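Each chain, letter by letter, is given below.
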Amino acid sequence: MAEVTIEKVAALCRRRAFVFPSSDIYGGLGSAYDYGHYGVLLRQNIKNEWLRALTQEREDVVALDSAIILNPQVWAASGHIGGFSDPMVDCRTCKLRFRADDLEHASCGRRPSKHPGETPDCDLTEAREFNLMFETFVGPLRDTQSVAYLRPETAQGIFVNFKNVVSSMRVKPPFGIAQIGKSFRNEITPGNFIFRLREFEQMEMEFFVPPSEAQQWHAYWIDERLRWFTSLGLRESNLRIREHGPDELSHYSSATSDIEYLYPIGWLELEGVANRGDYDLRQHAEHSGTALEWVGHDERYVPHVIEPAVGVDRSMLAFLCDAYHEEEVAGRPRTVLRLHPRIAPVKAAVLPLIGKDTAMVEHARALYEDLRRVMTAEYDDSAAIGKRYRRQDEIGTPWGLTIDEQTLQDGTVTLRDRDTLEQERIPVAGARDLLLERLQQPWSPAPHE
Ligand code: GAP
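Below is a summary of the structure that appears in this document. (Residues numbered from 1 in each chain as written. Predicted model: local features only at pLDDT ≥ 70, side-chain atom pairs only at ≥ 80, totals over all residues. Heavy atoms only, no water.)

### Some details on the sheet that holds strand S20 (residues 377-379)
If you trace the five strands from one edge of the open sheet to the other, you get S20-S19-S21-S22-S23, paired in mixed fashion. What marks the edges here is a single partner per strand, and that holds for S20 and strand S23 (423-427). Taken over all neighbouring pairs, the strand axes of this sheet differ in orientation by 25° on average, direction set aside. For strand S21 (residues 399-403) and strand S22 (residues 412-417), the ladder comprises four bridges, and the chain directions are antiparallel. (Pairing = 2+ DSSP bridges. Helix = DSSP H or I, 4+ residues; strand = E, 2+ residues; numbered from the N terminus. Axes fitted to C-alpha atoms, helices over the stretch in contact; angles between N-to-C directions.)

Written as structure tokens, this is what we have:
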């Protein structure tokens, strides 16, 4: 099987309107990307699946959408103003900037086969702490009083709403608050396509539990989140759990396990599942003067927090890498995205075999109108049928429905399966229900892959 590389995935993403370099016509902006039509649909499906798994399939998690720019005191209380920094070094020779704690993954500007500091010419400065938060100003004046920050994580918007949620929703620990939204970090070394960005989207859930149950819920959410990824088609062999060592833990965490994915560039963090203890609620209670605790009939305590936190962009990259396949079919190369049908941007393509045949076009349009009421579907009558199939394969459409001469005679249509390439004839009248049923069925990648 051909090797999957980030470059190949990025090229397909650009060619097929998943991901474009941002501000492209101005030469781009380092590590910023825009999402095209299929990228938007894929991301929306990933986010919908996440929210559905938490707020629809369970009854102990509620949703929230907090502001991006919060009162700056939030970030003083959370520890981000004081501690959300990476050590940075500059090289006086090649003028590049590196993360001092990650030199083994960086390349020297003059001799890329070496790490910074490894050649006699390298002249690195002392490491200095660099705060990753983006600053802005609220209101017309630009002074120290008006400084505000773009949130570097969505989590704090959840903690500062703890009291609002507890008093307005029927919740009782253990319960969770889930939020999806943009976060911003002035990363020193962004890169690897959409793996590390300065503007990215997170899906975070803070699960509030009685302190004595924290460890058990931590283990539970690691398993649960792993199961979510495999249920959406990521191969188990490409996923692993890695526990953080004491020197790696974030300032708020008492234990963190990463769910790592085997990206083409190696095993890297896909999701973090942290035990944040009572750090955040206590910090915000102290700084705001508002009690943030659970008060039951005969109990009162500050809940501990278990936090599964994952990036939408990083999930998207993992789903794309896992799904990307190059193969030969009948002597011709084929690139196909074997995405789980539930996250595939388009579920069905309706194709009249001969695009100029009025009767075929009429039947195809009718079927397309029927399908698109309940799922994302595309109608395509351009180019030769093989070319149209290849396009759909590259955007990961699981089912193709081809209207041909026989359709006009007996009301059946060819259903082509993206993965097996098998074709079956089904009645046009039953196509919509059949596909809806298939969408609900479990799907997993072929075992040999
Ligand atoms: N609230 C906890 C928190 O933010 P994190 O490990 O820093 O924890 C959680 O971030 C997830 O957000 C990561 O596992 C990753 O998927 C995603 N993420 C973090 N920084 C990112 C970046 N610069 N670009 C893309 N995704 C990022």
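### Notes on the site of the ligand
Close to the ligand lie 21 residues; Glu-153, Arg-185, Leu-197, Glu-204 and Glu-269 are nearest. Between the ligand and the protein, one listed contact pairs a nitrogen atom with a backbone N or O atom of Phe-195 at 3.5 Å. Gly-311 has a polar backbone atom sitting 2.8 Å from an oxygen atom of the ligand. For the ligand, the accessible surface in isolation is 560 Å², of which the surrounding protein chains cover 91%. Sorting the residues of the shell around the ligand by element identifies strand S10 (199-209), strand S13 (266-277) and strand S16 (304-311) as the ones contributing at least two each. The element contributing the most residues to the shell around the ligand is S13, with five residues. Here the shell around the ligand is composed, by residue class, of eight nonpolar, three polar and 10 charged. (Near = heavy atom within 4 Å. Polar contact = N/O pair within 3.5 Å; in protein donor to acceptor, adjacent residues only side chain to side chain. Areas by Shrake-Rupley, 256 points an atom, 1.4 Å probe, with all protein chains shown as cover. Nonpolar A, V, L, I, M, F, W, Y, C, P; charged D, E, K, R; others polar.)

### Points about the nonpolar core
Nonpolar side chains tend toward joint burial in soluble globular proteins. Core analysis: the largest hydrophobic core is formed by 55 residues, its most contacted members being Phe-18, Trp-50, Trp-228, Phe-229, Leu-270, Leu-317 and Phe-319. The element contributing the most residues to this core is helix H9 (residues 312-323), with eight residues. Setting aside anything within four residues of it in sequence, one finds Phe-229 in contact with Leu-234, Leu-239, Ile-259, Leu-270, Glu-271, Val-310, Ser-315 and Phe-319. Among the nonpolar cores identified, the runner-up in size contains 20 residues, and Ala-364, Ala-377, Ile-426 and Leu-439 belong to it. (Core = buried A, V, L, I, M, F, W, Y, C linked by side-chain atoms within 4.5 Å. Buried < 20%, exposed > 50% of the residue type's maximum accessible area, 1.4 Å probe, protein only. Contact = heavy atoms within 4.5 Å.)

### Overview of helix H7 (residues 214-231)
In a regular helix each residue adds 1.5 Å, so 18 residues correspond to 26 Å; H7 covers 25 Å between its end C-alpha atoms and thus fits that length. Those residues of H7 not exposed but buried are Ala-214, Trp-217, His-218, Trp-221, Ile-222, Glu-224, Arg-225, Trp-228 and Phe-229. After H7 finishes, the residue Gly-233 shows a positive phi value of roughly 100°. (Expected span 1.5 Å × (residues − 1).)

### With respect to a nonpolar patch on the surface
A contiguous nonpolar surface patch, about 220 Å² in accessible area, is contributed by Ile-68, Ile-69 and Val-138. Tracing the backbone shows Ile-68 in the loop between strand S3 (61-64) and helix H3 (73-78). (Patch = residues over 30% accessible without salt bridge, like charges linked within 9 Å, V, L, I, M, F, W, Y side chains within 5 Å. Salt bridge = Lys/Arg side-chain N within 4 Å of Asp/Glu carboxyl O.)

### A short note on the sheet that holds S10
Pairing in this open sheet of seven strands is mixed, and the strands run S3-S9-S10-S16-S13-S12-S11 from one edge to the other. Looking along the sheet, the strands with just one partner apiece sit at the ends: S3 and strand S11 (239-243). On average, each strand axis in the sheet is tilted by 25° relative to the strand beside it, whichever way the strands run. Relative to S16, S10 runs antiparallel, the two being bridged by six bridges.

### Concerning the packing of aromatic side chains
A ring pair, where both rings are aromatic, is described by two values, the distance of the centres and the angle of the planes. This structure, assessed with the given rule, holds 16 aromatic pairs. Summarising the aromatic geometry, the rings of Phe-195 and Tyr-263 are spaced 5.2 Å apart at their centres and angled 80° between planes, so their arrangement reads as edge-to-face. Taken together, the positions of Phe-195 in the loop between strand S9 (175-184) and S10 and Tyr-263 in strand S12 (residues 255-263) put the pair 68 residues apart, joining distant regions of the chain. Classification of Phe-195 as buried rests on a relative accessible area of 6%. Look at Trp-217 and Tyr-220: their rings are 5.0 Å apart centre to centre, the planes differ by 80°, and that puts the pair in the edge-to-face class. (Phe/Tyr/Trp six-rings, centres within 6.5 Å; stacked < 30°, edge-to-face > 60°.)

### What about the pattern of salt bridges?
Scanning the entire structure with this criterion turns up 43 salt bridges. When the shortest N-O distance is used, the salt bridge between Arg-334 and Asp-393 registers 3.0 Å. Taken together, the positions of Arg-334 in strand S18 (residues 332-337) and Asp-393 in helix H11 (residues 385-395) put the pair 59 residues apart, joining distant regions of the chain. Each member of the pair, Arg-334 as well as Asp-393, is classed as buried. For the salt bridge of Arg-432 with Asp-370, the shortest nitrogen-to-oxygen distance reads 3.1 Å. With Arg-432 in helix H13 (residues 431-440) and Asp-370 in helix H10 (residues 358-372), this residue pair connects regions lying 62 residues apart in the sequence. Taking relative accessible area as the criterion, Arg-432 reaches 23% and is therefore assigned partly exposed. Judged by its relative accessible area of 23%, Asp-370 is partly exposed. One salt-bridge network, held together by shared partners, links Glu-327, Arg-334, Arg-338, Asp-393, Arg-416, Arg-418 and Asp-419.

### Some thoughts on H10
Over its 15 residues, H10 extends 21 Å from the first C-alpha to the last, a length consistent with the 21 Å expected when each residue adds 1.5 Å. Listed as buried for H10 are Met-360, Val-361, Ala-364, Leu-367, Tyr-368 and Leu-371. Along H10, the residues classed as buried sweep out an arc of 130° about the axis, all on the same side. Exposed positions of H10 whose direction lies more than 90 degrees from the buried face are Thr-358 and Glu-362. Looking at the buried side of H10, the elements it contacts are strand S19 (348-352), S20, S21, helix H12 (405-410), S22 and H13. Between a side-chain oxygen at the N-terminus of H10 and the backbone nitrogen of Ala-359 the separation is 3.0 Å; the capping residue is Asp-357. (Arc of directions from axis to C-beta.)

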